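Report on the structure
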Amino acid sequence: MNLFKRMLATCAFSALAAAGAASAQAQDYPTRNITMIVPFAAGGPTDVIARIVTGHMQQTLGQTIIIENVVGAGGTTASTRAARATPDGYTLITGHMGTHAASVPLYPNLAYHPDTSFEPVGLLAGTPILILARKDFPPKDLKEFVTYVKANTEKLNAAHAGVGSVSYSSCQLLNSVLKINPTGVPFNGTGPAMNALVAGQVDYMCDQIVNAVPQINGGTIKAYAIATPERNPSLPNVPTTAEAGLPEFQAQAWNAIFAPKGTPPEVVAKLNAAIVKALDDETVRKRLLELGSVIPKKEERSPEALRTLVRSEIAKWTAVLKPLSN
Ligand code: ASP
């Protein structure tokens, strides 16, 4: 056999051996700790949801899932890092409506694309958005809030978790509906932002329900309305925006797990199965529901369902936010 054929045979054998090794690795996955990147500060909604669900997932997977909070730029710093990670299933990210949808229209040079830089793994929880304010903010209800913020827009400051975050994007929508332009006050997550709201250092915020239920029930902040068609069972006394006279403000977010593009399908399937098992666990469900989360229905839990959600959310938030940035 001439030299060329021998080299071809060697290359083919090496490729086959590498593919076999990768497949064996995927079959044995996971054999060591898994890193779960959370793109915001500890204690915020994404961190809380990630810890609740991965806490159960690691029982199924038989390996520890280590949460790593990587902050900055509305979650896009972490998402860029996750997109560039080795696609072996040992580096994952809990992204959301901001990092994996609203960031596309807000960052023209985003270093990743939510749809093509990741393998969707599975949806964790839907998170309705509320209009929140410091407890001594003068308006008593949403109607008074609308009048007050229109009359005082240049004096107001609104907290958010960085350009592209859920709190930023959803309040961009609210501010455009009300035609107001408050000063935005960025934080590394709505965990720290909530601390500032409770301390009265900022005026209002649009935030995910899981971050607000304890404070609302504790009376340390005000909740004017929830921006979903129905009230939430965890906050039965908080009216919907429609009931309170602002039906045009509808907003809800979601949190989901993604892996870098190229992560083997067998690995994605094992991770998705662990998510599904966690979402069917009574303790996990109780904790998520107490915080106002919406637990994904069975048909919403597959990787393909998440891919469809990401694509539709990119289109939706591009239509909402693109006109505001012109
Ligand atoms: N989900 C972010 C956090 O957990 C907040 C946001 O996106 O507004 O802090």
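Here, the structure is the one placed above.
Here is a short report on the structure shown in this document. Predicted model only: the values in this text are computed from it and were never measured. (Residues numbered from 1 in each chain as written. Predicted model: local features only at pLDDT ≥ 70, side-chain atom pairs only at ≥ 80, totals over all residues. Heavy atoms only, no water.)

From N to C terminus, the protein chain includes 11 helices and nine strands. For 326 residues, the compact-globule formula gives about 20 Å, and the C-alpha radius of gyration of the protein chain, at 22 Å, lands near that figure. Once the C-alpha set of the protein chain is aligned to its principal axes, its extents read approximately 85 × 45 × 30 Å. Burial status across the protein chain gives 52% buried among its 326 residues. (Helix = DSSP H or I, 4+ residues; strand = E, 2+ residues; numbered from the N terminus. Rg over C-alpha atoms; globule rule 2.2 N^0.38 Å. Buried < 20%, exposed > 50% of the residue type's maximum accessible area, 1.4 Å probe, protein only.)

A word on the layout of surface pockets. When its volume is computed, the largest pocket comes out at roughly 440 Å³. Taken together, 28 residues form the lining of the largest pocket, with Gly-126, Thr-127, Gln-252, Val-294 and Glu-300 sitting closest to its centre. Taken together, the elements giving at least two residues each to the lining of the largest pocket come down to strand S4 (118–134), strand S9 (252–260) and helix H11 (303–325). Per-element accounting of the lining of the largest pocket gives the leading share, five residues, to H11. (1 Å grid on protein atoms, 1.4 Å probe; cavity = no way out; pocket = protein on both sides within 12 Å on 5 of 7 lines; lining within 4 Å. Points joined across faces, edges and corners; volume = space filled by probe spheres on them.)

Counted under the stated rule, the structure contains 17 salt bridges. Across the salt bridge formed by Asp-115 and Arg-311, the nearest N and O atoms sit 2.7 Å from each other. Here Asp-115, found in the loop between helix H4 (98–106) and S4, pairs with Arg-311, found in helix H11; they are 196 residues apart in sequence, far enough to count as distant. Of the charged contacts in the structure, one is a salt bridge between Lys-261 and Glu-119, with a shortest N-O distance of 3.9 Å. Separated by 142 residues along the polypeptide, Lys-261 in the loop between S9 and helix H9 (265–279) and Glu-119 in strand S4 bring together distant segments of the chain. It is possible to trace a salt-bridge network through shared partners that takes in Asp-115, Glu-119, Lys-261, Glu-304, Arg-307 and Arg-311. (Salt bridge = Lys/Arg side-chain N within 4 Å of Asp/Glu carboxyl O.)

The next subject is the site of the ligand. In the vicinity of the ligand, the contacting residues are Phe-40, Gly-44, Pro-45, Thr-46, His-96, Ala-161, Ser-165, Val-166, Ser-167, Gly-189, Thr-190 and Gln-208. Taking Thr-46, its side chain carries an N or O atom lying 2.8 Å from a nitrogen atom of the ligand. Protein contacts shield 100% of the accessible area of the ligand, which totals 270 Å² for the unbound molecule. One can see that the ligand is located within the largest cavity. Mapped by element, the contributors of at least two residues to the shell around the ligand are helix H2 (45–61) and helix H6 (166–178). Broken down by class, the residue content of the shell around the ligand amounts to four nonpolar, eight polar and no charged. (Near = heavy atom within 4 Å. Polar contact = N/O pair within 3.5 Å; in protein donor to acceptor, adjacent residues only side chain to side chain. Areas by Shrake-Rupley, 256 points an atom, 1.4 Å probe, with all protein chains shown as cover. Sits in = over half its atoms within 2 Å of the grid points. Nonpolar A, V, L, I, M, F, W, Y, C, P; charged D, E, K, R; others polar.)

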